[in-house]
Amino acid sequence: MTDTLRIESKSRLRSTLRQRRGILSAAAQLAAAQAVLHSIGNLPTWTTAQRIALYLAVDGEIDTRPLEQQARLLGKLLFLPAINEDNSLRFVSWHADDSLSTNRYNIPEPPTTAMSCPAAKLDIIFLPLVGWDLRGRRLGMGGGFYDRTLSGVAAPLLVGLAHENQQIAEIPQDSWDVVMDYIATDTALYRSQGL
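Residues numbered from 1 in each chain as written. Predicted model: local features only at pLDDT ≥ 70, side-chain atom pairs only at ≥ 80, totals over all residues. Heavy atoms only, no water.

### Quick look at the sheet that holds strand 11 (residues 182-185)
The eight strands are arranged 6-3-2-1-7-10-11-12 in an open sheet whose pairing can be described as mixed. The open sheet has two free edges, formed respectively by strand 6 (116-117) and strand 12 (189-191), since each of these has just one partner strand. As judged from the two bridges shared by strand 3 (residues 89-93) and strand 6, these two strands associate in the antiparallel manner. From the neighbouring strand, Phe 91 faces strand 6, where its bridge partner is Cys 117. Helix 2 (residues 26-41) contacts strand 7 (124-127), strand 10 (157-162), strand 11 and strand 12 of the sheet and is inclined by roughly 145 degrees relative to strand 11. (Pairing = 2+ DSSP bridges. Helix = DSSP H or I, 4+ residues; strand = E, 2+ residues; numbered from the N terminus. Contact = heavy atoms within 4.5 Å. Axes fitted to C-alpha atoms, helices over the stretch in contact; angles between N-to-C directions.)

This is the structure we're talking about:
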């Protein structure tokens, strides 16, 4: 597949899958966010993981607030992604009482003075996604922020959070795309079948 066709294919998929999750009611979204907690409880490293990166949901992504509450109750240290000038991410310490400010994409981030943690020092990174497949391939929003940041980083467990209806047979793969280790959905936990 040529680069142009792959980009067009990803763009069409992104649009279709965003519509799929966009039709979910607020009640269905809340139920999915709660159900994902059960899937996460089955992760092999969940109980021992201490440094966890979350995201703040936008555009119908799985809401991480229930996960945030559970992680805080368990005493885990939380981090949120913040966008650097070069469009890579840094993971910034996030405390419950932090005042968040919005970045250039109108997504809340912790204060710029907050402590950062290198991605390789995190135990689990939970990633938002638009689509996924059983090989652990992830279709994001198209900015490449996570792919750019996690390229060559092997230490953290990468877990995509998704609605079950975001699964498709095959996500088009580019050489720079980072593959997830697990996908936690509102109905199951899937271990990546690899490439």
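### Section: the pattern of salt bridges
This structure, assessed with the given rule, holds nine salt bridges. Its salt-bridge partner being Asp 59, residue Arg 18 comes within 2.6 Å of it at the nearest N-O pair. Placement of the pair is Arg 18 in helix 1 (residues 3-22) and Asp 59 in the loop between strand 1 (51-53) and helix 3 (65-73), with a sequence separation of 41 residues. Residues joined in a network through salt bridges with shared partners are Lys 10, Asp 174 and Asp 177. (Salt bridge = Lys/Arg side-chain N within 4 Å of Asp/Glu carboxyl O.)

Nothing here speaks to function; it is geometry throughout.
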